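For reference, the chains in residue letters:
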Amino acid sequence: MELSGKIVLVTGGSRGIGKAIVFKCAHEGAKVYFTYLGSQTKAEEIIRELQSKGIQVGAFQADASDFQRAQEVVEEIVKSEQRLDVLINNAGITKDNLLLRLTEEQWDFVIDNNLKSAFNYCKAAIKPMLKQRNGIIINMGSVVGVSGNAGQANYAASKAGLIGLSKSIAKELGSRNIRCNVVAPGFIQTEMTENLPEQELQKWLSDIPLNRPGQVDDIANICVFLASDKASYITGQVIQVDGGMNM
Ligand code: NAP
């Protein structure tokens, strides 16, 4: 098992990509904690399903954009486990609009939930990681953070911001054995992408050389790899997992 004995925290683990990461990490031997915003029933189902297989998992209702709550969540984990090995900042949302119509609220909401949220948890997690003299941070970006996308200025800016944040962490804390990378998914089938208008969906799909949308496990697999010792010389990178869509 790749993550045997590691303590992992995943933000936004109740659905979609985050849920797949929770399951993969747990099956690879990690003790996983995850956060969610409103999906309490879904969070409880995940806990029940894993517990029925004898796997312990913990969940916190915690808005990732809340700085104080992030500190509390990390403190609680460290109190019970005495460490935190891996942080995966996955929580994220979209509020798409053309720039001409994009409101200040839509801008702030996306930046707070996608970028400030990662800052909140990175800031909390590096305290125990510095003490341990090791740690792994994975921030969930997006290919549009690299390429930009019409109608997603707020989302693309938030995901581009994660790249700057992650590269800075990699440089600042590499000497303390803390690694930080960005996983940038392309088009992955989740609730986030299921309501796209047919025309837009076809446009995305026609741009994918591998000729299929990505699945949540495509992203969970790379997270397990980056969180494992096999990736011990990889930091400050943006790993695109997009079927070749953006190259
Ligand atoms: P999703 O199906 O909509 O799930 C989002 C998850 O994030 C849910 O667990 C949700 O919790 C949680 N969440 C949202 N806001 C939160 C907050 N403020 N605090 C705590 N948790 C919060 O989305 P997804 O498609 O799996 O996307 C996951 C990540 O991958 C996001 O960062 C997204 O930007 C990125 N991504 C996705 C795609 C794609 O094609 N799907 C492509 C590129 C990047 P609740 O269930 O409680 O609401």
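Predicted model only: the values in this text are computed from it and were never measured.

Calculation criteria
- Residues numbered from 1 in each chain as written.
- Predicted model: local features only at pLDDT ≥ 70, side-chain atom pairs only at ≥ 80, totals over all residues.
- Heavy atoms only, no water.
- Near = heavy atom within 4 Å.
- Areas by Shrake-Rupley, 256 points an atom, 1.4 Å probe, with all protein chains shown as cover.
- Helix = DSSP H or I, 4+ residues; strand = E, 2+ residues; numbered from the N terminus.
- Nonpolar A, V, L, I, M, F, W, Y, C, P; charged D, E, K, R; others polar.
- Pairing = 2+ DSSP bridges.
- Axes fitted to C-alpha atoms, helices over the stretch in contact; angles between N-to-C directions.
- Contact = heavy atoms within 4.5 Å.
- Core = buried A, V, L, I, M, F, W, Y, C linked by side-chain atoms within 4.5 Å.
- Buried < 20%, exposed > 50% of the residue type's maximum accessible area, 1.4 Å probe, protein only.
- Expected span 1.5 Å × (residues − 1).
- Arc of directions from axis to C-beta.

Overview of the site of the ligand
And step 1. Contacts to the ligand come from 31 residues, most closely from Gly 38, Ser 39, Asn 113, Tyr 155 and Thr 190.
And step 2. Starting from 900 Å² of accessible surface for the ligand in isolation, the protein chains cover 95%.
And step 3. Elements with a contribution of two residues or more to the shell around the ligand: helix 1 (16–27), helix 6 (153–173) and helix 7 (191–194).
And step 4. The leading source of residues in the shell around the ligand is helix 7, at three residues.
And step 5. Here the shell around the ligand is built from residues that sort into 13 nonpolar, 14 polar and four charged.

Quick notes on the sheet that holds strand 5 (residues 135–140)
And step 1. Read across the sheet, seven strands follow the order 3-2-1-4-5-6-7 without closing on themselves; strand pairing throughout is parallel. Looking along the sheet, the strands with just one partner apiece sit at the ends: strand 3 (57–61) and strand 7 (238–241). Put simply, the sheet's adjacent strands are angled 20° from each other on average, direction ignored.
And step 2. Along the sheet face, helix 6 touches strand 5, strand 6 (178–185) and strand 7 and points at about 160° away from the line of strand 6.

Comments concerning the nonpolar core
And step 1. With 36 residues, the main nonpolar core has Ile 21, Cys 25, Val 32, Phe 34, Ile 88 and Val 183 as its most contacted residues.
And step 2. Mapped onto this core, the elements with two or more residues apiece are strand 1 (7–10), helix 1, strand 2 (31–36), helix 2 (40–52), strand 4 (86–89), strand 5 and helix 9 (216–227).
And step 3. Setting aside residues no more than four positions away along its own chain, Cys 25 makes contact with Leu 3, Val 8, Ala 30, Val 32, Ile 88 and Val 224.
And step 4. If you look at the next biggest cluster of nonpolar residues, it comprises 23 residues, including Ile 7, Val 74, Ile 169 and Leu 173.

Concerning helix 2
And step 1. Counted at 1.5 Å a residue, the expected span for helix 2 with its 13 residues is 18 Å, and the 18 Å between its end C-alpha atoms agrees.
And step 2. All of the buried residues along helix 2 are Ala 43, Ile 46, Ile 47 and Leu 50. Projected down its long axis, helix 2 carries its buried residues within an arc of 95°, all on one side. In helix 2, the exposed positions that point more than 90 degrees away from the buried face belong to Thr 41, Arg 48 and Ser 52.
And step 3. For helix 2, the elements touching its buried residues are helix 1, strand 2 and strand 3.
And step 4. One or two steps after helix 2, the chain reaches Gly 54, where phi turns positive at roughly 80°.

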